[in-house]
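# Secondary and tertiary structure notes
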Number of protein chains: 2
Amino acid sequence: MTRGGRTTSPDAEVARSVDRATTRTLEDVRDADGLTTSRVQHTQLPCGLRIVTEEMAGARSAALGVLVDVGSRDESDETHGASHFLEHLLFKGTGRRTALDISIAFDAVGGEFNAFTAKEYTCFHAIVLADDLPMAIDAFGDMVTDPLLTSEDVDAEREVILDEIAMHADDPEDVAHNLMAEAAWGAGTSLGRPIAGTVGSIRAMEPDTIRRFHRDHYRPESMVIAAAGAVDHASVVAQVEAAFAGNDFLLGTRPPRAPRPSRPALPVTPGERRVSRPLEQVSVVLAHEGLDRYDERRFALGVLGTALGGGTSSRLFQEVRERRGLAYGVYSFLGHYADSGLAGVAVGCLPERVEETLVTVREELGKVASEGITGAELARGKSQLIGGLVLGLEDPGSRMMRIGRAELNHGEVLGIDEITERVNAVSGEDVRRVAAHVFEGPEVLAVVGPDGA
Amino acid sequence: MTRGGRTTSPDAEVARSVDRATTRTLEDVRDADGLTTSRVQHTQLPCGLRIVTEEMAGARSAALGVLVDVGSRDESDETHGASHFLEHLLFKGTGRRTALDISIAFDAVGGEFNAFTAKEYTCFHAIVLADDLPMAIDAFGDMVTDPLLTSEDVDAEREVILDEIAMHADDPEDVAHNLMAEAAWGAGTSLGRPIAGTVGSIRAMEPDTIRRFHRDHYRPESMVIAAAGAVDHASVVAQVEAAFAGNDFLLGTRPPRAPRPSRPALPVTPGERRVSRPLEQVSVVLAHEGLDRYDERRFALGVLGTALGGGTSSRLFQEVRERRGLAYGVYSFLGHYADSGLAGVAVGCLPERVEETLVTVREELGKVASEGITGAELARGKSQLIGGLVLGLEDPGSRMMRIGRAELNHGEVLGIDEITERVNAVSGEDVRRVAAHVFEGPEVLAVVGPDGA
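Summarised in this report is the structure supplied together with it. Just so it is clear, the model here is predicted, and its values are computed rather than measured. (Residues numbered from 1 in each chain as written. Chains lettered and ligands numbered in written order. Predicted model: local features only at pLDDT ≥ 70, side-chain atom pairs only at ≥ 80, totals over all residues. Heavy atoms only, no water.)

Within chain A one finds 15 helices and 12 strands. Taken over the C-alpha trace, chain A has a radius of gyration of 23 Å; the compact-globule value for 453 residues is 22 Å, and the two agree within 12%. For chain A, the spread of C-alpha atoms along the three principal axes comes to 65 × 60 × 40 Å. Out of the 453 residues belonging to chain A, those deemed buried represent 59%. Across chain A, every contact between residues at least 6 apart in sequence was considered, and the portion connecting residues at least 24 apart equals 77%. (Helix = DSSP H or I, 4+ residues; strand = E, 2+ residues; numbered from the N terminus. Rg over C-alpha atoms; globule rule 2.2 N^0.38 Å. Buried < 20%, exposed > 50% of the residue type's maximum accessible area, 1.4 Å probe, protein only. Contact = heavy atoms within 4.5 Å.)

Below, the discussion takes up the interface of chain B and chain A. Between chain B and chain A, the residue contacts involve 58 residues of the former and 58 residues of the latter. Both faces combined, the contact of chain B with chain A buries some 4,900 Å², and carbon together with sulfur accounts for 55% of it. Three residues, Arg60, Tyr328 and Leu391 of chain B, lead the burial of chain B against chain A; their summed loss comes to 15% of the area buried on that side. There are 10 salt bridges connecting chain B and chain A. Taking the shortest distance from any N to any O, the salt bridge between arginine 321 of chain A and glutamate 157 of chain B comes out at 3.2 Å. Where chain B packs against chain A, one counts 30 residue pairs in polar contact (both at pLDDT 80 or more). Where the side of chain B that touches chain A is concerned, the elements lending two or more residues are helix H2 (99-107), strand E6 (122-129), helix H4 (151-169), helix H10 (315-323), helix H12 (375-391) and helix H13 (396-410) of chain B. Looking at the side of chain B that touches chain A, the element that brings in the most residues is H4 of chain B, giving 8 residues. Among the residues forming the side of chain B that touches chain A, the class breakdown is 26 nonpolar, 16 polar and 16 charged. (Buried area = accessible area lost by both parts, 1.4 Å probe. Salt bridge = Lys/Arg side-chain N within 4 Å of Asp/Glu carboxyl O. Polar contact = N/O pair within 3.5 Å; in protein donor to acceptor, adjacent residues only side chain to side chain. Nonpolar A, V, L, I, M, F, W, Y, C, P; charged D, E, K, R; others polar.)

With that settled, consider the relation of the copies chain B and chain A. Each copy of the sequence occupies a distinct position, and chain B is placed on chain A by a rotation of 180° and an axial shift of 0.0 Å, giving an RMSD of 0.0 Å. Within this description, the copies of the chain are treated as partners about a two-fold rotation axis. Same-surface contact between copies: 100% of interface residues of chain B are shared with the interface of chain A. (Least-squares fit on C-alpha atoms with pLDDT ≥ 70 in both.)

Our focus in this paragraph is empty space enclosed by the protein. Residue and element names in this part refer to chain B. Within the structure shown, the criterion is met by 5 cavities of 30 Å³ or more. In this structure, the largest cavity encloses a volume near 60 Å³. Together, Leu301, Leu304, Gly305, Leu308, Ser332, Phe333, Leu334, Ala343, Gly344, Val345, Leu365 and Phe439 line the largest cavity. Broken down by element, the lining of the largest cavity gets its largest block of residues, 4 residues, from helix H9 (residues 298-309). Broken down by class, the residue content of the lining of the largest cavity amounts to 9 nonpolar, 3 polar and no charged. (1 Å grid on protein atoms, 1.4 Å probe; cavity = no way out; pocket = protein on both sides within 12 Å on 5 of 7 lines; lining within 4 Å. Points joined across faces, edges and corners; volume = space filled by probe spheres on them.)

The periodicity of an α-helix, 3.6 residues per turn, causes residues three or four positions apart to be oriented the same way. Counting buried positions along helix H1 (residues 82-89) of chain A gives 8 out of 8 residues, so the element sits mostly inside the fold. All of the buried residues in H1 of chain A are Ala82, Ser83, His84, Phe85, Leu86, Glu87, His88 and Leu89 of chain A. Tucked inside the fold, the buried residues of H1 of chain A contact strand E5 (112-117), strand E6 (122-129), helix H4 (151-169), helix H6 (199-204) and helix H7 (207-217) of chain A together with H10 of chain B.

The next point concerns the packing of helix H9 (residues 298-309) of chain A against helix H14 (residues 416-424) of chain A. Residues and elements named next belong to chain A. Where H9 meets H14, the axes come as close as 9 Å, and the angle between the chain directions of the two elements is 75°. When the axis of H9 is compared with that of H14, the two are roughly perpendicular. Where H9 approaches H14, its residues Arg298, Phe299 and Val303 are matched on the opposing element by Ile419, Arg422 and Val423. In the contact of H9 with H14, the residues fall into 4 nonpolar, no polar and 2 charged. (Axes fitted to C-alpha atoms, helices over the stretch in contact; angles between N-to-C directions. Parallel < 35°, antiparallel > 145°, perpendicular 65-115°, else oblique.)

Here we come to the sheet that holds strand E8 (residues 271-276) of chain B. For sheets, the rule is that strands pair by backbone hydrogen bonds, running either parallel or antiparallel. Residue and element names in this part refer to chain B. What the 5 strands build is an open sheet, ordered E8-E12-E9-E11-E10; its pairing is mixed. Edge positions in the open sheet fall to E8 and strand E10 (329-336), since each of these has one partner strand only. The sheet shows a mean angle of 15° between the axes of neighbouring strands, direction not considered. Two strands pair when backbone bridges link them, and E10 and strand E11 (residues 341-349) are joined in this way by 8 bridges, in the antiparallel orientation. Residue pairing in the sheet places serine 332 in a bridge with valine 345 of E11. Across the sheet, helix H5 (residues 172-185) lies against E8, strand E9 (282-289), E10, E11 and strand E12 (443-449), angled at about 150° from E12, the strand it touches most. Contacts between helix H11 (residues 354-371) and the sheet are confined to E8, E9, E11 and E12, with E9 contributing the most and set at about 25° to the helix. (Pairing = 2+ DSSP bridges.)

This part covers the environment of glycine 111 of chain B. With respect to the secondary-structure elements, glycine 111 of chain B resides in the loop between H2 and strand E5 (112-117). Overall, the relative accessible area of 11% leaves glycine 111 of chain B in the buried class. Not counting residues up to four positions away in its chain, the partners in contact with glycine 111 of chain B are Leu391 of chain A together with Phe106, Ile127 and Val128 of chain B.

Attention now goes to the sheet that holds E5 of chain A. All names here are of chain A. What the 7 strands build is an open sheet, ordered E1-E2-E3-E7-E4-E6-E5; its pairing is mixed. Every other strand in the sheet has two partners, leaving strand E1 (22-30) and E5 as the edge strands with one partner each. Taken pair by pair, the neighbouring strands of this sheet meet at an average axis angle of 10°, ignoring direction. Where strand E3 (residues 50-56) lies against strand E7 (residues 223-229), 6 bridges are found, and the strand directions are parallel.

All names here are of chain A. One non-glycine residue, leucine 149, lies in positive phi territory at about 50°. Looking at the element boundaries, leucine 149 is found in the loop between helix H3 (133-145) and H4. We classify leucine 149 as buried; its relative accessible area is 7%. Phi is positive for aspartate 248, which is not a glycine, with a value near 55°. Here aspartate 248 is to be found in the loop between helix H8 (233-243) and strand E8 (271-276).

Attention shifts here to the pairing of E5 of chain A. Residues and elements named next belong to chain A. Judged by which residues are buried, E5 turns out to be one-sided: Phe113, Ala115 and Thr117 face inward and are buried, whereas Glu112, Asn114 and Phe116, on the alternate face, are not. Two elements, E5 and E6, share 6 bridges in a ladder whose sense is antiparallel. When the sheet's bridge partners are listed, phenylalanine 116 is paired in E6 with cysteine 123. Hairpin geometry of E5 and E6 is characterised by an intervening segment of 4 residues between the two adjacent antiparallel strands.

So, on to the side chain of histidine 80 of chain A. All names here are of chain A. With respect to the helices and strands, the residue histidine 80 is situated in the loop between strand E4 (61-68) and H1. On the basis of relative accessibility, which here comes to 7%, the residue histidine 80 falls in the buried class. With residues up to four places along the chain from it excluded, the contact list for histidine 80 reads Glu75, Arg193, Pro194, Gly197, Thr198, Ser201, Ile202 and Met205.

Turning next to the pattern of salt bridges. If charged atoms from side chains of opposite charge come close, those side chains can pair. Residue and element names in this part refer to chain A. Here the structure, examined in full by the defined rule, presents 67 salt bridges over all chains. In this structure, the salt-bridge partner of aspartate 339 is arginine 73, at a minimum N-O distance of 3.0 Å. Taken together, the residues aspartate 339 in the loop between strand E10 (329-336) and strand E11 (341-349) and arginine 73 in the loop between E4 and H1 connect sequence positions 266 residues apart. In this pair, the class of aspartate 339 matches that of arginine 73, namely buried. A network of salt bridges, in which partner residues are shared, links Arg73, Glu120, Arg293 and Asp339.

One can find aspartate 163 of chain A in helix H4. In contact with aspartate 163 of chain A, other than residues within four places in its own chain, are Gln281, Leu326, Ala327, Tyr328, Leu350 and Arg353 of chain B.

Okay, a negative patch on the surface next. A cluster of acidic residues, Asp171 and Glu173 of chain A together with Asp171 and Glu173 of chain B, forms a negative patch on the protein surface. Note on placement: glutamate 173 of chain B falls in helix H5. Taking the relative accessible area as the measure of exposure, glutamate 173 of chain B reaches 40% and is therefore partly exposed. (Patch = residues over 30% accessible without salt bridge, like charges linked within 9 Å, V, L, I, M, F, W, Y side chains within 5 Å. Areas by Shrake-Rupley, 256 points an atom, 1.4 Å probe, with all protein chains shown as cover. Lys, Arg positive; Asp, Glu negative; His and termini not counted. Charge placed at Lys NZ, Arg CZ, Asp CG, Glu CD.)

Keep in mind these numbers describe shape, not what the thing actually does.
Below you can see the structure in the form of structure tokens.
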């Protein structure tokens, strides 16, 4: 793979029908013969809606995503669970389509389509053959701009969401990570509450609350449309302009979105939570306050996390599973949010091994905090991060998520070569310093398992 | 996408260093300009080892698989869990590599590598950048032909497997599907027993039992090496010949593998099993005897399964979730084995809705058995199956699994256009007939949930 000819051209390459739409090429990757193998382009419509695409040579399918800058952390006690509830309801029908019409449209072409809600954003996504992309854009545009949100649908979907909450309650790892969020940021805080809501908040949710939530948050300026694979940027832009035109969505005739509730940095509070469940295994999540997603040290922390628990050669896997046989699985994880973050370790083990496992994990975290990692670990961590990044981008779906999230969260899409450079620039001292910063801070512990574990 | 120039050439295109290796091109897909976009080739070495590759134009990564024709159904009471135990042990070191060497080799290049064990086969798989494929082939060859299998490693890995069994015991869906296998074929039968073994069989497993199991079953004639992506067939064959040469593996100097225990067709017995667990949700699996993997009616059954429960427009999703709000998830599944099969429906719901859900599911199965599906459902089921097949083959990993499994299970790799033809040839009457055959047979039911569900 040869890269070259990276260009950033501020001039609009695409003639736009809407005044002052601006289009830029963000990345242009060429092979050894100078042929473009992938190109990332960006258009912002006058209303603020952003469209990013990645044209991939040779792809036959197209991935489409609608990313909305709203999630559980934008909710209050009254609206707790509204982002996720709304995500469900958008599939229930529009002025032009029944729920069944929407399902049939995608199933009939073998496409995948689904959605998920996170703490800070909501994403609708689809993968279809190239010829079916206009249909997918049209359906998503319709769902976003003209959902019915009837009271009957709210009541029917309420039951489905209660089932979903029950399903998560039966998954020990889900329970442990929710418990960790609650322990780290506090129950009822914007980052501490569970994304799906609670049985109580879902039972109490009024249709009007959800309708207002949609009106307040589904705005062009808080939305990114991402497409990757067998796509043509200019066509995608034109199709989006047609498909999202319903209810004057793109005209900016509605008052601008209310200023987002300020997000004062949420401190992570040390502590410990245990939930008793009659399980065979214990799920343990141990974490420290990490970095927010804008922190420049996140590349050093990424290398550290990989060296610590990113694969079977990692320190923790070697110490916990290979040397001591304490657990089947152990891995490190990083969570980055707008104003906070977590850096932690998750492990599943038998109840009688919890204490020895915790001693082992803490010892290794202490060691990297005081001594950093070895030169070999540093080199391996970097090449593992970079190799994984490249290997993880062979399909349109992962490319679409990469550019969509980067645009929504950062307002810029870093090129693969730029990320590679930043990772390669990480020094051993950078890693030691960020390890000390993170792992010498107070610890948060969440444990789910049988009594006494 | 234009297909053309499909050729099957019986002549060896590749000069081989080993006598009488035969190489054939199985599929050659060209684009509108006549350029080959993918080519499937097949080589059989004199010892019986088969190598299938799919060269994909434009891919930068390569997927590698070693598929071995052995799984839990080849085990006895004494060896129950040996296939899976052995799969773990192959990563623990060889004459030339420690376990850590193996892990480092893949982690250092950002590659993924892992393995899984099924009822009828075991698969080791890796995804690496093109330049790292020789390393991956070398490592897998070493692991397969020269594993250490020390008694110390058996004891250490025993604990890891017991942890894994505990983890599966905490997953309601895993428990429900294991319970279904036991209910359908009987506890302790070749298809009825759990793949990982039981706590008792794993505790009792002797190192010599595992060593003998390796010697008996890891034979060139029972193995397929599959590679897809940025690969060159002739190079892969040459690398496999070098990497798998250890311990005279390719020379056929060891006595041929003992004849496989005959597999008399295993009848599915009707019945019901319930396991009580203190869960929020109930996992229900309802199944009928399906088709073995050679049955020509499997294409009709595939269309039927898709129309019944293959997407959100499917009958069961519409009836169970959308119309009645009975469950969060409901889907149909098909299992095909050498001499048996299952066709069923899995659903997760709240305890108070189990009975109504079962009534609804049974009613729909009864309807398709007597009336078949509508013309619209037939057309949609076909295009959904075919579209999903094409969309699911955009990355090297899924191509590798497709050709590897087809060669191991069928001894032939059907081209995508051939599968498309067979699916398109399914008539409404074919579907009705297979629906009656399957769903009018006796029912097997597995339920995991709180008391009284």
